[in-house]
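# Overview (structure and organization)
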Amino acid sequence: QVQLVESGGGLVQAGGSLRLSCAASRSILSINYIAWYRIPPGKQRQLVAAIIGGDNTNYAASVAGRFTISRDDAKNTMYLQMNNLKPEDTAVYYCRAGSNQFQLYGAWGQGMQVTVSS
């Protein structure tokens, strides 16, 4: 098990940037799958970005080229750098970790609100 604490959300104007952080309660060195998800208003949960097996990254088409997922194993922290934000990026964002996308550790937390104003 691993506990994750998200930070860095907030309100930003369109075109701006935010960096989300997700601090783990233990080493993430051995964790195969780390990811960011989001739930936009009135929509279902979406996978935003994931790192699989250490350095293989996947991005949703809607954020590719604007968002970057990364991990700092020395700090037990993962990040989501979000650039050129758009109003449609408004959502509650969650970080998760697990063996793979179907085997996530723990439960969904409260997430973190990101609001992009036009």
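Our subject in this report is the structure included herewith. No experiment lies behind these values; they were computed from the predicted model shown.

Applying the stated criterion across every chain, the model contains two aromatic pairs. Ring geometry for Y37 versus W108: centroids 5.1 Å apart, planes at 85 degrees, classification edge-to-face. Placement of the pair is Y37 in strand β4 (residues 33-39) and W108 in the loop between β10 (103-104) and β11 (112-117), with a sequence separation of 71 residues. Judged by its relative accessible area of 32%, W108 is partly exposed. Measuring from centroid to centroid gives 5.6 Å for Y94 and W108, while their planes differ by 85 degrees, and the two rings are edge-to-face. Separated by 14 residues along the polypeptide, Y94 in strand β9 (residues 91-100) and W108 in the loop between β10 and β11 bring together distant segments of the chain.

A separate point is the side chain of R38. Mapped onto the fold, R38 is located in strand β4. Among the polar contacts listed, one links the side chain of R38 to the side chain of S62, at a separation of 3.4 Å. Excluding anything up to four places from it in sequence, R38 contacts Q44, R45, Q46, V48, S62, V63, F67, E88, D89, A91, V92 and Y93.

About the cut-offs
Residues numbered from 1 in each chain as written. Predicted model: local features only at pLDDT ≥ 70, side-chain atom pairs only at ≥ 80, totals over all residues. Heavy atoms only, no water. Phe/Tyr/Trp six-rings, centres within 6.5 Å; stacked < 30°, edge-to-face > 60°. Helix = DSSP H or I, 4+ residues; strand = E, 2+ residues; numbered from the N terminus. Buried < 20%, exposed > 50% of the residue type's maximum accessible area, 1.4 Å probe, protein only. Polar contact = N/O pair within 3.5 Å; in protein donor to acceptor, adjacent residues only side chain to side chain. Contact = heavy atoms within 4.5 Å.

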